[in-house]
Amino acid sequence: MMQVKFMMIILLSFFFTGCGGGGGDSSVPVTTPTTTTTTIGTITLSGKVTYDLVPVNSNGIGLDYTNIRSEAVKAVQVDAVGESNQILASTVTDNSGNYAFSVPNNTILKIRVSARMRQTTTPGWDVEVLDASNGNALHVMEGSLLLTGTSNETRDLHAPSGWDGNAYSSKRVAGPFAMLDTIYTSMQIVLATEPNILFPALDVFWYAGNIDGTYYTNGGLYIYGDENSDTDEYDKHVIAHEWAHYYEDKLSRSDSIGGQHAISDRLDIRVAFSEGFGNAFSGMALNNPLYSDTLGVNQANGFSFNMENDTTTNPGWYNESSVHKILYDLFDSTNDGADILSLGFAPLHNVFTKSQKTTPAFVSIFTFITALKSENAGGAVDIDAIVSSESIASITDIYGTGRTNLASELPNYSNLTIGGTANVCPSYTYGTGNKLGNHQFLKFSIGTAGTYTITVVKSNLSGTTDPDFLIYKDTSIVSGFSTLSDSETKILTLSIGDYLLDVSDYNNVVGACFDVTLN
Amino acid sequence: MKIAYSIVLSVVLLGTSAMALSVKVKDPLVVKGTTVGKYAKPGAPVDIRYTSEHVDVGDVSNVDIVFTSSATQGTMKVNIKVDKNLNEHTGINKHLTFDLDTARKDHPVHLEVSADDDGLYYVRVMVSIKGKGMRAFAVPVYVGNGKVTKQNVTIEKTKRGENISVSKAKETVSH
């Protein structure tokens, strides 16, 4: 790309000519500098960048090292780097992994491929894979320092998996590029819907041996890399699922409180929706409803579930499987059972990036389906049919009123008035932490900006509690998280608007109830 | 949640202090950790809490891991594997099963390990519950200086001052 011309001024030699002897003539030493100017031309250096993709077995369990194949490294930065570490030319690979640029001939240089996808125009993105074990250095792979000739040249670079047939015996160079490939694929489904999108920056933290877990938080994907225990660089659905959390966080909104979760759990509605969306998005982006996660010795074990065919255990509005099946059915073009809709991603994206961001309730299947039906009124009956197939009665508002299964566990958003008291009782029938009933929701409105006091006090005779609360106005704004027993108080300045309050008991005392006041 | 945060912080602080120590560890420091409240990918609904003692080379570290699950029925299978350079003294069964019910939430496991060299080692655990997926955990065991054995990684700086972790590509050159 970059035309580089070098003018080299070469001092060839200095001649000192001395004449002496013989007759003692009058000649004197003469210094004659000779200067030669040489222009160095350019050649086209091109090539293809690939990586070893280790696929998952067709049954979704374990990695299939017998079918490793080369895949293109797409949209990443490629530099020609000189002997003095100077960048001589830069470009990015195309969708086939190809790159080309003009570089000086007769020059020693190497090709460096960075685990970075960056485009500063519109649409734009900035994704890089960092080595968390070494100061978050950018992962790169390099070729050798070699002399360019005088004719065009090809240098193909390949990132090997490091697998020798029995174990990873050399560096897992392919890992960062495998993850970038899945992220590239994930971005495409959004780009197809919103071609001028500017994706906020995303850092992926990974290194061979990483035991920190796989999760998304605060603009970063943290990915397992622990051989013989849990590696995720080739688990495309896992990577796409975590990317979906980035999408929620940066382009939509998530109110999930995190924590461990399984596909049959009865979860807090915020967790169920966020995790169900993550699963569904992975199926949509990869055009494959079989979610798989490989683990264990030689990455030969794992688990999978099918978002199209599996029967949900404990279906309902609190189940991430129900959420992923509903969202996937809304999206996909395959009609099956109650699913006769094929909306594609655009209507879902519209809800995620608009109404979901500002909904007055916590983000859940209720807020999503309410908005989707509102924006696609002609398909409301068919949407209801898909929702109903997961044992969820027709959703008519963002708070989920009208439940027919586990209606007693519905977070009913008790109204809290200024000067009034509301009583809430967390429950633990389905586990603790992030399960259905653990967190109780209230809503209140502030008509006059000012200083207010929120108090949560145990209201009955039970064990020692530790009430906590979070206040939301679109997103979490204030927490009351002291370790005081049986009460929690926060004095804060509130502006005019609608608020949500999430009340829970850190000690999970069964039977405990709390009076919540706002003054 | 707040305790979870403070425990994580204490692990970080202990880890930092562990790194700064010389080889001799006079009294075992207890490293604590938990997965409770952390964001996690889909998998078995299991959390762990753990303590492990930072000990001197050759001394025995007590490692206690408590498994908790929101699942109230079925069986939780736990496979335990200690790093190959850790000596395991307890002789416990490495393939454990726990029946899940509503009454019992905590499922403790106790191990005693030691190492002949300084370093940071791990006790790795794989948990599975039928129909609910799997989940992997790693519990750190600090011995002596507690430092990670550096992998074969080349860190360089670009002309622009950016740190890069360099790997060798397989390269094919043609004209």
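Above this note sits the structure.
Structural notes, computed from the coordinates. All values reported here derive from a predicted model rather than from experimental measurement.

The next subject is the overall build of chain A. Looking only at helices and strands, one finds 8 helices and 29 strands in chain A. Taking the principal axes of its C-alpha atoms as reference, chain A extends roughly 125 × 55 × 45 Å. Considering only intrachain contacts with a sequence separation of at least 6, the fraction spanning at least 24 residues in chain A is 67%.

With that out of the way, let us pick up the sheet that holds strand S2 (residues 46-54) of chain B. All names here are of chain B. A sheet is described by the order of its strands in space; here 5 strands give the open sequence S1-S2-S3-S7-S5, paired in antiparallel fashion. With one partner strand each, in any of the chains shown, strand S1 (29-34) and strand S5 (86-88) form the two edges of the open sheet. Between one strand axis and the next, the sheet turns by 25 degrees as a mean value, whatever way the strands run.

Now for helix H3 (residues 269-286) of chain A. Residues and elements named next belong to chain A. Taking 1.5 Å as the rise per residue, H3 with 18 residues should run 26 Å; its terminal C-alpha atoms sit 26 Å apart, in good agreement. Most of H3 sits inside the fold, with 17 of its 18 residues counted as buried. Asn 287 sits one or two residues past H3 and shows a positive phi near 55 degrees.

Turning our attention to unusual backbone geometry. Residue and element names in this part refer to chain A. Residue Thr 122 is joined to Pro 123 through a cis peptide bond whose omega torsion reads -5 degrees. Inspection of the secondary structure assignment puts Pro 123 in the loop between strand S9 (116-119) and strand S10 (125-131). Not every positive phi belongs to a glycine, and Ala 75 is a case in point at roughly 60 degrees. A tally of 21 C-beta atoms within 10 Å means that Ala 75 is categorised as buried. Located in the positive-phi region is Asn 287, a residue other than glycine, with phi close to 55 degrees. Mapped onto the elements of the fold, Asn 287 is located in the loop between H3 and strand S19 (290-295).

All names here are of chain A. Within the span of helix H8 (residues 380-388), buried status applies to Ile 383, Ile 386 and Val 387. Buried residues of H8 fall within an arc of 100 degrees about the axis and therefore sit on the same side. The elements touched by buried residues of H8 are helix H4 (320-331) and helix H7 (365-375).

As a further point, take the environment of Asp52(A). Residues and elements named next belong to chain A. By the element assignment, Asp 52 lies in strand S3 (residues 42-53). Distance in space between the C-alpha atoms of Asp 52 and Ala 422 is 59 Å, their sequence separation being 370 residues. Those residues within four positions of Asp 52 in sequence are excluded, and the remaining contacts are Ile 68, Ser 70, Ala 159, Pro 160, Ser 161 and Ala 174.

Residues and elements named next belong to chain B. Here we have 4 strands laid out as an open sheet, ordered S6-S4-S8-S9, and antiparallel in their pairing. At either end of the open sheet lies a strand with only one pairing partner, and these are strand S6 (95-99) and strand S9 (133-143). For this sheet, the mean inter-axis angle between neighbouring strands, taken without regard to orientation, is 20 degrees. Across 7 bridges, the pairing between strand S4 (residues 75-82) and strand S8 (residues 119-129) is antiparallel. Residue pairing across strands places Lys 81 opposite Arg 124, the latter belonging to S8.

This part covers the interface of chain A and chain B. Tallying the contact residues gives 67 residues for chain A and 43 residues for chain B. Those elements that place two or more of their residues in the side of chain A that touches chain B are strand S11 (137-142), strand S13 (153-159), strand S15 (215-217), helix H2 (236-251), H3, S19 and strand S20 (301-306) of chain A. Broken down by element, the side of chain A that touches chain B gets its largest block of residues, 7 residues, from S13(A). Grouping the amino acids of the side of chain A that touches chain B by side-chain chemistry returns 23 nonpolar, 30 polar and 14 charged. As judged from the 5 bridges shared by S13(A) and strand S12 (residues 170-174) of chain B, these two strands associate in the antiparallel manner. Paired with Leu157(A) across the strands is Glu171(B), a residue of S12(B).

How each quantity is defined
- Residues numbered from 1 in each chain as written.
- Chains lettered and ligands numbered in written order.
- Predicted model: local features only at pLDDT ≥ 70, side-chain atom pairs only at ≥ 80, totals over all residues.
- Helix = DSSP H or I, 4+ residues; strand = E, 2+ residues; numbered from the N terminus.
- Contact = placed C-beta atoms within 7 Å.
- Pairing = 2+ DSSP bridges.
- Axes fitted to C-alpha atoms, helices over the stretch in contact; angles between N-to-C directions.
- Expected span 1.5 Å × (residues − 1).
- Buried ≥ 20, exposed ≤ 12 C-beta atoms within 10 Å, placed from the backbone.
- Arc of directions from axis to C-beta.
- Nonpolar A, V, L, I, M, F, W, Y, C, P; charged D, E, K, R; others polar.

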